[in-house]
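Remarks on the overall topology
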Amino acid sequence: MADSVAVRITETTRLDVPLAVAERKTVIEVNAEPALVQADNAAHGTVIQQEQIRQLPLPTRNFQQLLTLTPGTSGPVQNSSELGRGAAPIYVNGNRGTSNSIIINGTDGNSIGTGSTPNLAVPATDSLEEFIVQTSQFDASQGRVAGGVVAAVTKSGTDNFHGNLYEFLRNDALNANNFFLNRAGIPRPAYKRNQFGGTFGGPIRKNRIWFFVSYQGSREVNATSLTNSVGTVFVPQNLTNDRSDAGVNALAASYGLAPCAAPPTTFTFPPCFNPTAKFLLQAKLPNGSFVIPSAPHPTSVALGAVPQAVAAPVVGPSKFREDQFNTNLDFQLSTPNRLSAKFFAANNPATQSLFNLFGLANALPVPGFGGTANLNQRVLSLDDTHVVSPRLLNDARFGLSIITTGSSPQEPFTAAQLGISSPLGNLFPGMPEISVANYFDLGANPFSDNGGVEKTYSAGDTWSWQHGRHSMKFGAEYKHHDLNAHFNLYTRGQIFFLGLLPSGPFAGNGFFDFLGGLFD
C-alpha cells in the first residue's frame, strides 16, 4: 500500500492495491511502461499545484496569469505596470474570453453580467492549494460553457500548525521612465505597490476539526498604467501655457476666429471664438494643471498657416486597494463523513485617472475625468462528503457567490459652468462628454456611472459509483442567478466636433470646429 496518494482537483484518482499470496512458488517478472493517458477520465486539462503557484513569477500575484500554462489555452502577456490585480483573460481552443466557467471551492463564481474575469474572486496565491484548467471532454458535472473550466481550491488545515507572513513591494527607485514620457520631458511618474499578508492553519481538535485563515492587502499608487494612467492626446502646435485672455485669443486668431461679442444662440459662419471653448482652454483641474494640456514643445505659426496637431503625453495617478479574507473549517464528523465550510471575501476599490473598465473607455481621454471602480466578491461553499460503501460515494454541496460592482465619474465641472443647459441637469449636473475628433476627449466616460449586484445560488448532490471496470457518476444541481444592475448611460450628453467642414483651410479640422462651436 502506498504511504500517500495525491488526489487532484476534479480528477478521478486511481489506486491499485497489490494483494500478496500466502506462499509464492513461482516468480513472474513483467516489465511495462506506465500508461501515458488517464484511462478513467477523458477530460483534458492541467493541474497547477502549490509548488508551481509559489515559484512561477506573477506580475501582480494573480493566479489567473498561470491559466495559459495548459495546452490549448492562450492569453495576452501581462503588463507589470497595470493597475490593480491584473485580471487575465484566457482563450480556450479559440473560444472567446467570456466562454469559460470559474469555480471556487466547488461554487460557481462566474459573473453573469459580463462573463469576463476582471470582477471575479481571486484568492491570494498563498491561500490556494491547487487549480486546474479543463479544456475539453469534461463531464456533465462541470460542463456549462463552450470554453474551459477553471476550478480552484483553497487550502485546508492539517494536524500541524503552519503559517507564513509576506510582503512584496515596488517603488519608484526600481522603475525606469517610459521612453515617450522621457522624450516629452515628463519626469518618471509615481509607482508604489505594496502587497502583504499571511496565512495560518492547524487543528482545533486533532483528527477531527481543522481551520485555515488567510489575509492579503494591497496598496498601490500608479501613474504608469498604460490603461488607466498614461495616454496620448493631440493639441495644436501653438498651444502654450499662456492661457490668459490675450493668449487664448491669439490661439483662436491663428484659426481666423475673433472673440464672440455675445454668446451665440445660432450657427453663424464664419464662426467666432466660442465662450465654452475659451472656458475649457483656461480651466484648471484641482491639481493646478490645465484641462487641455499644452503642446510639449510649442512653436509659433506663420500668418495664414494651419496649426498642426502634435502628440501630447498625459499622465494621471491612479490608486488601488485590496483587502481579502479567507476562512476554512473542516470537520471529520465520522470515519466516512467529512464536512467542509469555506468563505472568501474581498473588496477591491480603485480610482482610475483614465477611466477604463471592462474595455469601456473614451478614445483620447485627458486626466481629470476618471472615475472610481469598486469590485467586491463573496464566495461561500459548504460541502458534505459521505463514503456510503467502498464502491459508493455521495457529495452534497451548497454555494453562494455575490459580486458587487459600481463606478462613479469624476466631474470637476458642471454643464452650467460651461454655459450648457441639459434636460437632465437636475439629476446629472456634470458636463457632457466633449469629443474633438483626432484631438482629445473631455468629460466623464458615458459608461462610468453604474452599479450592480450579482448573486448566484447553487445546490447539488452527486453520487459516484464504482462497479467493476465501470465508474459512473450521476446526480442533480440547481442554480439560481440574480442580477440587479443600473446603468446611467449617456445621461450627461455628448457633443462631437468631427471637422465636417467640406472645404477651406480648416476642412476636416475638429479643433477648429471646437473653437468655433460647430458641433455635429
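This section reports on the structure supplied with the text. (Residues numbered from 1 in each chain as written. Predicted model: local features only at pLDDT ≥ 70, side-chain atom pairs only at ≥ 80, totals over all residues. Heavy atoms only, no water.)

Let's talk about the packing of aromatic side chains
Using the following cut-off: Stacked, edge-to-face and tilted labels apply to pairs of Phe, Tyr and Trp rings (six-membered ring for Trp) whose centres lie within 6.5 Å, assigned for plane angles under 30 degrees, over 60, and everything in between, in that order. Strands here mean DSSP runs of E at least two residues long; helices mean DSSP runs of H or I at least four residues long; both are numbered from the N terminus. Only protein chains enter the area calculation, which uses a 1.4 Å probe; residues under 20% of their type maximum are buried, those over 50% are exposed, and those in between are partly exposed. By the criterion adopted, a ring carries a charge over it if an Arg CZ or a Lys NZ lies within 6 Å of its centre and within 35 degrees of its normal.
One pass over the structure, following the stated rule, counts 19 aromatic pairs. Taken together, a centroid distance of 5.9 Å and an interplanar angle of 10° make the contact between F161 and F200 stacked. Of the two residues, F161 is situated in the loop between β7 (149-154) and β8 (162-170) and F200 in strand β9 (residues 191-205); the sequence distance between them amounts to 39 residues. When its relative accessible area of 51% is taken as the criterion, F161 is described as exposed. Pairing Y255 with F511 gives two aromatic rings, centres 5.6 Å apart and planes at 50°, and the pair type is tilted. Placement of the pair is Y255 in the loop between α3 (245-253) and α4 (275-282) and F511 in helix α5 (residues 510-516), with a sequence separation of 256 residues. Residue Y255 is classed as buried on the basis of its relative accessible area, which comes to 1%. By relative accessible area, F511 is classed as buried at 0%. Lying across the ring of Y166, R61 places its NZ or CZ 4.8 Å from the centre. The ring centre of F290 lies 4.3 Å from the NZ or CZ of R243, which sits over that ring.

A closer look at empty space enclosed by the protein
Counted only if it meets this: Cavities and pockets are defined on a 1 Å grid built over the protein atoms alone: a cavity is a set of grid points where a 1.4 Å probe fits but cannot escape, while a pocket is an open set with protein on both sides within 12 Å along at least five of seven lines, and lining residues are those with an atom within 4 Å of any such point. Grid points are joined across faces, edges and corners, and a volume is the space filled by probe spheres set on the points. Under the scheme applied here, ten amino acids are nonpolar (Ala, Val, Leu, Ile, Met, Phe, Trp, Tyr, Cys and Pro), four are charged (Asp, Glu, Lys and Arg), and all others, including Gly, are polar.
One pass over the full model with this rule turns up 4 cavities of 30 Å³ or more. Counted as a void, the largest cavity has a volume near 100 Å³. Residue lining of the largest cavity: 15 residues in total, with A444, N445, P446, T491 and R492 positioned closest to the centre. The residue makeup of the lining of the largest cavity, split by class, is 6 nonpolar, 6 polar and 3 charged. Empty space within the second largest cavity amounts to approximately 70 Å³. In terms of lining residues, the second largest cavity is bounded by 14 residues, among which T60, R85, Q195, Q216 and E322 are the most central. Secondary structure elements with two or more residues in the lining of the second largest cavity: β9, β10 (209-222) and β13 (318-334). No other element matches β13, which puts 3 residues into the lining of the second largest cavity. Residues of the lining of the second largest cavity, tallied by class, amount to 4 nonpolar, 6 polar and 4 charged.

Some thoughts on the sheet that holds strand β19 (residues 450-467)
Test applied: At least two DSSP bridges between two strands are required for those strands to pair. Angles here are taken between N-to-C directions and fall from 0 to 180 degrees, while the axes themselves are lines fitted to C-alpha atoms, restricted in helices to the stretch in contact.
If you walk across this open sheet you meet the 9 strands as β8-β9-β10-β13-β14-β15-β16-β19-β20, and the pairing is antiparallel. Here the strands that pair on one side only, and so sit at the sheet edges, are β8 and β20 (470-487). On average, each strand axis in the sheet is tilted by 5° relative to the strand beside it, whichever way the strands run. In this sheet, β19 lies alongside strand β16 (residues 392-409) in antiparallel orientation, the contact comprising 16 bridges. Residue pairing in the sheet places G399 in a bridge with S458 of β19.

Looking at the pairing of strand β6 (residues 128-136)
Burial of β6 is extensive: 7 of the 9 residues sit out of reach of the surface. Taken together, the 6 bridges between β6 and β7 define a ladder with antiparallel strand orientation. Bridging across to β7, F131 finds its partner in A152.

Some remarks on the state of the cysteines
Which entries qualify depends on this criterion: A pair of sulfur atoms, both from cysteines and within 2.5 Å, is called a disulfide here.
All told, the structure shown has 1 disulfide when counted by the stated rule. Here C260 connects covalently by a disulfide to C272, the sulfurs 1.8 Å from one another. Since a negative S-S torsion denotes a left-handed disulfide, the C260-C272 link at about 95° is right-handed. Placement of C260 in the loop between α3 and α4 and of C272 in the loop between α3 and α4 is noted, with a sequence separation of 12 residues between them. The residues C260 and C272 share a single accessibility class, namely buried.

Description of the packing of α3 against α4
Each pair of packed helices gets described by two things: the angle between the helix axes and the distance between those axes. Operational definition: Every angle not falling under 35 degrees, over 145, or within 65 to 115 is termed oblique; those three ranges are roughly parallel, roughly antiparallel and roughly perpendicular. For any helix crossing, the convention is left-handed if the near helix is rotated counterclockwise from the far helix by under a right angle, and right-handed if that rotation is clockwise. Contacts are assigned to residue pairs with any non-hydrogen atoms lying within 4.5 Å of each other.
Taken N-terminus to C-terminus, the directions of α3 and α4 make an angle of 125°; their axes are 11 Å apart at the nearest point. The orientation of α3 relative to α4 falls into the category oblique. Crossing of α3 over α4 shows right-handed handedness. Where α3 approaches α4, its residues D245, V248, N249 and L251 are matched on the opposing element by K278, L281 and Q282. Looking at the contact of α3 with α4 residue by residue, the classes come out as 3 nonpolar, 2 polar and 2 charged.

Structural notes on the environment of L427
Tracing the backbone through its elements, the reader meets L427 in the loop between β16 and β17 (433-436). Between the C-alpha atom of L427 and that of F331, which follows or precedes it by 96 residues, the distance is 53 Å.

Comments concerning the pattern of salt bridges
How we decide: The term salt bridge refers to a pairing of a side-chain nitrogen on Lys or Arg with a carboxyl oxygen on Asp or Glu at a separation within 4 Å.
The tally for this structure, following the rule as stated, stands at 10 salt bridges. In this structure, D330 engages R338 in a salt bridge whose closest nitrogen and oxygen atoms are separated by 3.8 Å. In the salt-bridge network here, residues are joined through shared partners; they are R219, R321 and D323.

Concerning the sheet that holds β17
Across the sheet, which stays open at both edges, the 3 strands sit in the order β18-β17-β21 with mixed pairing between neighbours. The outermost strands of the open sheet, each flanked by one partner alone, are β18 (440-442) and β21 (494-497). On average, each strand axis in the sheet is inclined to that of its neighbour by 10°, with strand direction left out of account. Pairing between β17 and β18: 3 bridges, direction antiparallel. Pairing of I434 across the sheet is with L442, part of β18.

What about the side chain of T60?
Put simply, the test is: Pairs of N or O atoms are called polar contacts if they sit within 3.5 Å, as long as, within protein, a hydrogen donor faces a hydrogen acceptor (for residues adjacent in sequence, only side-chain-to-side-chain pairs).
Within the secondary structure, T60 sits in the loop between α1 (50-55) and β2 (73-74). A polar contact of 2.8 Å, which involves the side chain of T60, links it to the side chain of Q65. Within the local environment of T60, its side chain forms a polar contact with the backbone oxygen of R85, the two atoms lying 2.5 Å apart. Apart from the residues lying within four places of it in its own chain, the contact partners of T60 are Q65, G84, R85, G86, R170, R193 and Q195.

Quick look at α4
Note the threshold: As used here, the arc is the angular range of directions from the helix axis to the C-beta atoms.
When α4 is considered as a whole, its buried residues turn out to be T276, A277, L280 and L281. For α4, the angular spread of buried residues about the axis comes to 135°, placing them on one side. Tucked into the core, α4 has its buried residues touching α3, β17, β18 and α5.

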